[in-house]
Amino acid sequence: MRRLVLLLLVVALTALPACSSSADDNTTTTVTTAATTTSTTAAPADAGVVVYLMYEGTETDPGPFVVPVFRPEAAGLEEAIESLLRGITFTDAGQGLSTSIPAGTRFLGVDVSGGVATVDLSREFESGGGSLSMITRVAQVVFTVTRVGGIDAVSFAIEGQPLFVLGGEGLLLDEPQTRSGYLDLIPELWIDAPAWGTPLALPVTATGVARSTEGEFDWALIDPNGLIFAEGTADCGVTDYAPFEFTIPAGAGPGPAALLVFEPAADGNQLHAIEYPMEIAGP
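Values in this document were obtained by computation on a predicted structure and should not be read as measured data.

One pass over the full model with this rule turns up 9 aromatic pairs. Ring centres of Phe125 and Phe156 lie 5.8 Å apart, and the angle between their planes is 15°; on these two criteria the pair is classed as stacked. Of this pair, Phe125 sits in the loop between β7 (116–121) and α4 (131–146) while Phe156 sits in strand β8 (residues 153–158), placing them 31 residues apart in sequence. With respect to class, Phe125 is no different from Phe156; both count as buried. Ring plane angle 70° and centroid distance 5.8 Å describe the contact between Trp196 and Tyr276, whose orientation is recorded as edge-to-face. With a gap of 80 residues between them, Trp196 in the loop between β12 (189–193) and β13 (199–200) and Tyr276 in strand β19 (residues 270–280) connect regions that are remote in the sequence. Across the pair, Tyr276 and Trp196 agree in class, each one buried. Taken together, the ring pairs connect Phe217, Trp219, Phe244 and Phe246 into an aromatic cluster.

Here it is in structure tokens:
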């Protein structure tokens, strides 16, 4: 049933109208053509990698959710996988981030053919946890690997042998896994780029997918004290997941910041609010 529901959601996404965004500098942009398109971060291509960790969510919107997190390490597919398997930092933990990948899981190799990456991991990857843990650990690998250009899907191997079923409850991995199979692990308003913690060189384009009851959501780039550097509205005109794109203008920083996204409610509250920590780079 889970696969059927997700398949119907993916079919619906392909028929969605394009979203646009308006900001206080009157910038208007158009979106990418697919909700699962991989986006580049604001950092230079050789400045780091992006891994996907689990975010606990908020009191009103509990997770777990998959979110992209910047790592200032050498760029590359193998480096991204290795970084993911190293787990979380103290800073990550303090921000409500975690990983479902068992400690001790080793990266044994990757082969890319026809847009599919076959990732070979050690047997620790199969250990411990229930069905949610199995699903989220697979999702972390799938999102991390498909972040790399030219890779659309991921197959798994354990110590050189193809992995078709994971865990005692039998998570089927008998076909290449794509992001579209794990859309139930993203929040209502999901920023895919720039990644959590990315050093921003403004102006920068933010992309992701969102669903809103009013067909739009607000965004704001804020400092640690809540001062607004820039703000705007992304308008999708639909109530299901749709891709969006908006531009954060220059003029802020340098220093720590957060990209706040939320759906404004009639009573003035912020629905589905999430703050994505960022770092505004110097000139």
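On we go.
This part covers the pattern of salt bridges. Throughout the structure, instances matching the rule amount to 7 salt bridges. Between Arg86 and Glu73 there is a salt bridge; the shortest N-O distance is 2.9 Å. With Arg86 in the loop between α2 (77–85) and α3 (90–94) and Glu73 in the loop between β4 (62–71) and α2, this residue pair connects regions lying 13 residues apart in the sequence. Overall, Glu73 belongs to the partly exposed group, its relative accessible area being 26%. One salt bridge in this structure joins Arg123 and Glu126, with 3.0 Å as the shortest N-O distance. Judged by relative accessible area, Arg123 falls into the partly exposed class, the value being 45%.

The sheet built from 3 strands is open, its strands ordered β4-β3-β5 with antiparallel pairing. Each edge of the open sheet is held by one strand with a lone partner, namely β4 and β5 (97–98). Bridge count between strand β3 (residues 49–57) and β5: 2 bridges; the pairing is antiparallel. Residue pairing in the sheet places Met54 in a bridge with Ser98 of β5. The strands that α2 touches are β3 and β4; relative to β3, the one it contacts most, it runs at about 30°. Along the sheet face, α4 touches β3, β4 and β5 and points at about 150° away from the line of β3.

All right, on to the sheet that holds β12 then. Reading across the sheet, the 3 strands line up as β12-β14-β17 and stay open at both edges, with antiparallel pairing between neighbours. In this open sheet, the two strands that pair with only one neighbour each are β12 and β17 (242–248). Here the strands of the sheet are splayed against their neighbours by 30° on average, with no regard to which way each runs. Two elements, β12 and strand β14 (residues 204–210), share 4 bridges in a ladder whose sense is antiparallel.

What counts and how
Residues numbered from 1 in each chain as written. Predicted model: local features only at pLDDT ≥ 70, side-chain atom pairs only at ≥ 80, totals over all residues. Heavy atoms only, no water. Phe/Tyr/Trp six-rings, centres within 6.5 Å; stacked < 30°, edge-to-face > 60°. Helix = DSSP H or I, 4+ residues; strand = E, 2+ residues; numbered from the N terminus. Buried < 20%, exposed > 50% of the residue type's maximum accessible area, 1.4 Å probe, protein only. Salt bridge = Lys/Arg side-chain N within 4 Å of Asp/Glu carboxyl O. Pairing = 2+ DSSP bridges. Contact = heavy atoms within 4.5 Å. Axes fitted to C-alpha atoms, helices over the stretch in contact; angles between N-to-C directions.

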